Amino acid sequence: MKTNKNIAAVFAAVLMLSACSAVQNGDETDTIPVLEDNIPAGGGVIITSEAIEVIEEITEASTSETIASESSKPAETWANTDEEPLEIPQRTESETEESYPEGEITYIELTYYNVTLETGDSSMPIVTMYPEDAPDKSEIWSSSDESVAEVDDIGNITAISEGECIIKVQSAVTPEVFAEVYVTVISPEEEESEAETEAFSENESETQLTFIDGILIANKSYPLPADYNPGVNADAQAAFDRMQSAAAEEGLNIYISSGFRSYDYQAGLYERYVERSGKAEADRYSARPGYSEHQTGLAFDLNSIDITFADTDEYEWVKEHCAEYGFIIRYPEGKESVTGYMYEPWHIRYLGTDIAKSVSDSGLTLEEYLGIDSKYAE
């Protein structure tokens, strides 16, 4: 083969250059120490610096020529030679940091994951696909029940009739990657003002609503009836809209990710959390059906609904200014034994500006401020 011929040429060059070097030095024994039987010391050929340079040049040229020759060989000729084809190792999922090939979508983020709409209303979450430099971010939208809510090709959700459903967005490139929005649709006539609700509770004791100092209470000690379904409170929504606009003027983006939740919707949500975490753990971060503030229509979850929200400029602004618009941070840090729930920086409750400022200035939770408990009976 050509490779063997090149090696022979290198060896010949070594001998010639070594001999020439010895002659030029005038005394062969000065360059090549001779032992018995004229064998050089070390048992081999002495390679001079000139020989090394020539060897490097020949070896480099030989290697390049060999690689070029072998790489140009058609793939199908491997089977017709005595040489074995190069075995190219296949990359397995466990050997890579990413489980998806380059260019595929690995994660989908939405601006909200829960929404309550009146029939006829529309809403569209903003979608962010990762990696952000993915070449194809095409979306596939679908509804679990189009009689409740429909969704078009760009993610615009339209409420059709009362009920609950799930809107899903998938990556067209990687369909197994998706995100979901839990949609609750209510009728406009279901809405009541706070004053109307309070009057109704006073006249209809069977509703089991609890007001303390004029504040509607929903916690682990004071449940709401299953048929209490007021929708989003109009005053709370208007106050949030003003707060959102004020934050936007300072370059901050706050938005509602979860608002009103019906008894039935909360029941399904709580069951999923119990399946995932167990009842004891689920009770730390999710209300049992009938015990959720979201059913009052006076509570909102903001932005990411995640503890990382506490590290954002938006949270710092909300914590400082929300009382000015009638809200409090309902479940502050270090108060789980009092409120019954772990720290939720994203959860705000509407009380009206006067009461909210009074509670906020006191540095107390709502339970401490009113002198009430929040513990399940069982």
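Residues numbered from 1 in each chain as written. Predicted model: local features only at pLDDT ≥ 70, side-chain atom pairs only at ≥ 80, totals over all residues. Heavy atoms only, no water.

**Looking at the pattern of salt bridges**
Stage number 1. One pass over the full model with this rule turns up 8 salt bridges.
Stage number 2. The partner of Glu293 in a salt bridge is Arg330, with the nearest N and O atoms 2.7 Å apart. Pair noted here: Glu293 is in the loop between helix 7 (279-285) and strand 13 (299-302) and Arg330 is in strand 14 (residues 327-331), with a separation of 37 residues, a long-range link. Note on accessibility: Glu293 and Arg330 belong to one class, buried.
Stage number 3. As a salt-bridge pair, Glu368 and Lys335 come within 3.1 Å of each other at their nearest N and O atoms. Taken together, the residues Glu368 in helix 11 (residues 366-370) and Lys335 in the loop between strand 14 and helix 9 (336-339) connect sequence positions 33 residues apart. (Salt bridge = Lys/Arg side-chain N within 4 Å of Asp/Glu carboxyl O. Helix = DSSP H or I, 4+ residues; strand = E, 2+ residues; numbered from the N terminus. Buried < 20%, exposed > 50% of the residue type's maximum accessible area, 1.4 Å probe, protein only.)

**Digging into a negative patch on the surface**
Stage number 1. A contiguous patch of negative charge on the surface is contributed by Glu249, Glu250, Asp311, Asp313, Glu316, Glu320 and Glu324.
Stage number 2. Top contributing element to the negative patch by residue count: helix 8 (residues 313-321), with 3 residues.
Stage number 3. Tracing the chain through its elements places Glu250 in the loop between helix 5 (234-249) and strand 12 (256-258). (Patch = residues over 30% accessible without salt bridge, like charges linked within 9 Å, V, L, I, M, F, W, Y side chains within 5 Å. Areas by Shrake-Rupley, 256 points an atom, 1.4 Å probe, with all protein chains shown as cover. Lys, Arg positive; Asp, Glu negative; His and termini not counted. Charge placed at Lys NZ, Arg CZ, Asp CG, Glu CD.)

**A short note on the sheet that holds strand 3 (residues 122-123)**
Stage number 1. The strand order 3-7-6 describes an open sheet built from 3 strands, whose pairing is antiparallel. Strands at the two margins of the open sheet, each flanked by one partner only, are strand 3 and strand 6 (149-151).
Stage number 2. Pairing geometry for strand 3 and strand 7 (residues 157-159), over 2 bridges, is antiparallel. Bridge pairing in strand 7 links Ser122 to Thr158. (Pairing = 2+ DSSP bridges.)

**So, the sheet that holds strand 15 (residues 344-350)**
Stage number 1. One open sheet accounts for 4 strands, arranged 12-13-15-14; its pairing is antiparallel. The open sheet has two free edges, formed respectively by strand 12 and strand 14, since each of these has just one partner strand. Along the sheet, successive strands turn relative to each other by an average axial angle of 50°, direction set aside.
Stage number 2. Note: strand 14 against strand 15, 4 bridges, orientation antiparallel. Across the sheet, the residue bridging to Ile329 is Ile348, located in strand 15.
Stage number 3. Where helix 8 meets the sheet, its contacts fall on strand 13, strand 14 and strand 15, and the angle it forms with strand 14 comes to roughly 115°. (Axes fitted to C-alpha atoms, helices over the stretch in contact; angles between N-to-C directions. Contact = heavy atoms within 4.5 Å.)

**A few points about the layout of surface pockets**
Stage number 1. One number sums up the size of the largest pocket: a volume of about 960 Å³.
Stage number 2. Considering the residues around the largest pocket, the lining is formed by 39 residues, among which Tyr273, Ser304, Ile305, Asp306 and Trp346 are closest to the centre.
Stage number 3. Elements supplying a minimum of two residues to the lining of the largest pocket: strand 1 (107-110), helix 6 (263-277) and strand 15.
Stage number 4. Examining the composition of the lining of the largest pocket, we find that 5 residues originate from one element, helix 6, more than from any other.
Stage number 5. For the lining of the largest pocket, the class distribution of residues is 19 nonpolar, 12 polar and 8 charged.
Stage number 6. Here the second largest pocket defines a volume of roughly 460 Å³.
Stage number 7. Taken together, 26 residues form the lining of the second largest pocket, with Val115, Thr116, Leu117, Gln237 and Ile256 sitting closest to its centre.
Stage number 8. Elements with a contribution of two residues or more to the lining of the second largest pocket: strand 2 (114-118), helix 5 and strand 12.
Stage number 9. Each residue belonging to the lining of the second largest pocket can be placed in one class, and the counts come to 13 nonpolar, 9 polar and 4 charged. (1 Å grid on protein atoms, 1.4 Å probe; cavity = no way out; pocket = protein on both sides within 12 Å on 5 of 7 lines; lining within 4 Å. Points joined across faces, edges and corners; volume = space filled by probe spheres on them. Nonpolar A, V, L, I, M, F, W, Y, C, P; charged D, E, K, R; others polar.)

All quantities given are derived from atomic positions and should not be read as evidence of function.
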